Amino acid sequence: MENNLKIRFWGVRGSTPCANPENMRYGGNTSCIQISIPGAKKLLIADCGTGFRNLGNELTSNGKYIEGRVFITHPHWDHLQGFPFFKPFYDSRNSFEVYMPPQDGDGCKKILQGHLSNTFFPVSIDMLECELDCITVVEQKMDFGDYSVDYMWANHTVPTAIFKFNIQGKKIVFAPDNELPIDADDDPEFVDRFREFVRGVDILIHDAQFTKAQHQERLGWGHSDWETVFETTKDLNISRLCLTHHDPDHTDENLDKINFELASVKEEFFKEASIVQEGQEIYLLL
Ligand SMILES: [Zn+2]
Ligand SMILES: [Zn+2]
């Protein structure tokens, strides 16, 4: 397994954590993934939903110092709520770079300062003990040597990134919040741009909060339905489709049903297509 990339899903829920017995198998924590790259010095993490807390607990368990880059798609609560609960931020030996798109003229640091203001939480950003570099991302490729990151704007309610990680010839797209129109003719320019961005990638991790029937009642909420994601991406030579950002009202039983339907149609289009679960790990041979 040493020469494999590994993706671990620390949180796959959208909107709000849901610690209910009927949600436990797929998981109740919100958006966070970790991509482990063999030999890389710095950790690669995307999104800081409540799953980020569990990742931090695991990282601190061995007592070693940590360096990492954290890419936040946008600052909605379900992508940021785990941020102040990440234990490695409270160790002065550690250092992190945090990347996030701007909102209403505010950059990454200002947004985090607002999130950690006294009204909402007792710890301010200045009280974090690690070295923290806050970087506002602009729409251009970022090159880090052992990998690069492209991004495009999602169709969401606030400026939101869809990140594409290019790692030693492998491509992983992370799009937890993105509304693909049920009818592509409603926004053909966006659909074309999205399709070109994800064409031929190894793994597409995409928002599938709704079923199509639910989506029809929630147009413009900034989220996709799994049927439309499947139809929009099935002819793009993508190896693996991972559906995430599950609606908090979708029980394990609901998600099993979607997974079953997906398995019955995926055959000729994807090597794998499934609803992801919290704690799941996916390997990609380099
Ligand atoms: Zn979200
Ligand atoms: Zn959002």
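In the block above lies the structure referred to throughout.
Residues numbered from 1 in each chain as written. Chains lettered and ligands numbered in written order. Predicted model: local features only at pLDDT ≥ 70, side-chain atom pairs only at ≥ 80, totals over all residues.

Observations regarding the overall build of the protein
For step 1, the next point in the chain: A count of helical and extended segments in the protein gives 6 helices and 14 strands.
For step 2, the next point in the chain: Its C-alpha atoms give the protein a radius of gyration of 18 Å, near enough to 19 Å, the size a compact globule of 286 residues would have.
For step 3, the next point in the chain: Its C-alpha atoms give the protein principal-axis dimensions of about 50 × 45 × 40 Å.
For step 4, the next point in the chain: Within the protein, residue pairs in contact and separated by at least 24 positions form 69% of the contacts whose partners lie at least 6 positions apart. (Helix = DSSP H or I, 4+ residues; strand = E, 2+ residues; numbered from the N terminus. Rg over C-alpha atoms; globule rule 2.2 N^0.38 Å. Contact = placed C-beta atoms within 7 Å.)

Some thoughts on the nonpolar core
For step 1, the next point in the chain: Counting 65 residues, the largest nonpolar core has I33, F163, I172, V173 and L204 as the members making the most contacts within it.
For step 2, the next point in the chain: The element best represented in this core is strand β9 (residues 161-167), accounting for 5 residues.
For step 3, the next point in the chain: With sequence-adjacent residues up to four places away left out, I33 is seen in contact with I7, R8, F9, W10, A46, D47, F174 and I205. (Core = buried A, V, L, I, M, F, W, Y, C linked by C-beta atoms within 7 Å. Buried ≥ 20, exposed ≤ 12 C-beta atoms within 10 Å, placed from the backbone.)

Let's talk about unusual backbone geometry
For step 1, the next point in the chain: Here the phi dihedral of S15 falls at roughly 70 degrees; this positive angle occurs in a residue that is not glycine.
For step 2, the next point in the chain: Inspection of the secondary structure puts S15 in the loop between β1 (4-11) and β2 (32-36).
For step 3, the next point in the chain: The exposure class of S15 is buried, given the 20 C-beta atoms found within 10 Å.
For step 4, the next point in the chain: Although it is not a glycine, Q168 adopts a positive phi angle of roughly 45 degrees.
For step 5, the next point in the chain: Summarising the element assignment, Q168 is placed in the loop between β9 and β10 (170-175).

Quick notes on the sheet that holds strand β4 (residues 67-71)
For step 1, the next point in the chain: A sheet is described by the order of its strands in space; here 7 strands give the open sequence β6-β5-β4-β3-β2-β1-β14, paired in mixed fashion. Each of the sheet's edge strands pairs with one partner strand only, and the pair in question is β6 (131-136) and β14 (281-285). For this sheet, the mean inter-axis angle between neighbouring strands, taken without regard to orientation, is 20 degrees.
For step 2, the next point in the chain: Relative to β1, helix α1 (residues 51-60) is tilted by about 125 degrees, and along the sheet it contacts β1, β2 and β3 (43-46).
For step 3, the next point in the chain: Most of the contacts of helix α2 (residues 108-115) go to β6, to which it runs at about 115 degrees, and overall it touches β5 (95-100) and β6. (Pairing = 2+ DSSP bridges. Axes fitted to C-alpha atoms, helices over the stretch in contact; angles between N-to-C directions.)

Quick look at the sheet that holds β10
For step 1, the next point in the chain: If you trace the 7 strands from one edge of the open sheet to the other, you get β7-β8-β9-β10-β11-β12-β13, paired in mixed fashion. Because the sheet does not close on itself, it has two edges, and the strands there are β7 (142-143) and β13 (272-275).

Comments concerning α1
For step 1, the next point in the chain: When α1 is considered as a whole, its buried residues turn out to be G51, F52, R53, L55 and G56.
For step 2, the next point in the chain: Among the structural elements, β1, β2 and β3 are those in contact with the buried residues of α1.

Some remarks on helix α5 (residues 226-233)
For step 1, the next point in the chain: Every buried residue of α5 is listed here: W226, T228, V229, F230 and T233.
For step 2, the next point in the chain: Residues of α5 that are buried sit in contact with α3 (188-198), β11 (203-207), α4 (212-217), β12 (240-244) and α6 (252-266).

Examining the environment of F86
For step 1, the next point in the chain: With respect to the helices, strands and loops of the structure, F86 is situated in the loop between β4 and β5.
For step 2, the next point in the chain: When the 25 C-beta atoms within 10 Å are taken as the criterion, F86 is described as buried.
For step 3, the next point in the chain: As for F86 and G27, which are separated by 59 residues in sequence, their C-alpha atoms are 19 Å apart.
For step 4, the next point in the chain: Setting aside anything within four residues of it in sequence, one finds F86 in contact with C48, F52, R53 and G56.

What about the pairing of β3?
For step 1, the next point in the chain: Bridge count between β2 and β3: 3 bridges; the pairing is antiparallel. Across the sheet, the residue bridging to Q34 is I45, located in β3.
For step 2, the next point in the chain: Hairpin connection of β2 to β3: 6 residues between the antiparallel strands, including G39 at a positive phi of 80 degrees.
For step 3, the next point in the chain: The pairing of β3 with β4 spans 4 bridges and is classified as parallel. Looking at the pairing, I45 lines up with V70 of β4.
For step 4, the next point in the chain: On the question of chirality, the crossover connecting β3 to the parallel β4 by way of α1 is right-handed. (Right-handed = clockwise from strand over helix to strand, strands pointing away.)

Description of the pairing of β11
For step 1, the next point in the chain: Where burial is concerned, most of β11 is hidden: 5 out of the 5 residues are buried.
For step 2, the next point in the chain: Bridging between β10 and β11 involves 4 bridges; their strand directions are parallel. Note that in β11 the partner of F174 across the bridge is I205.
For step 3, the next point in the chain: Between β10 and its parallel partner β11, the chain crosses via α3, and the hand of that crossover is right-handed.

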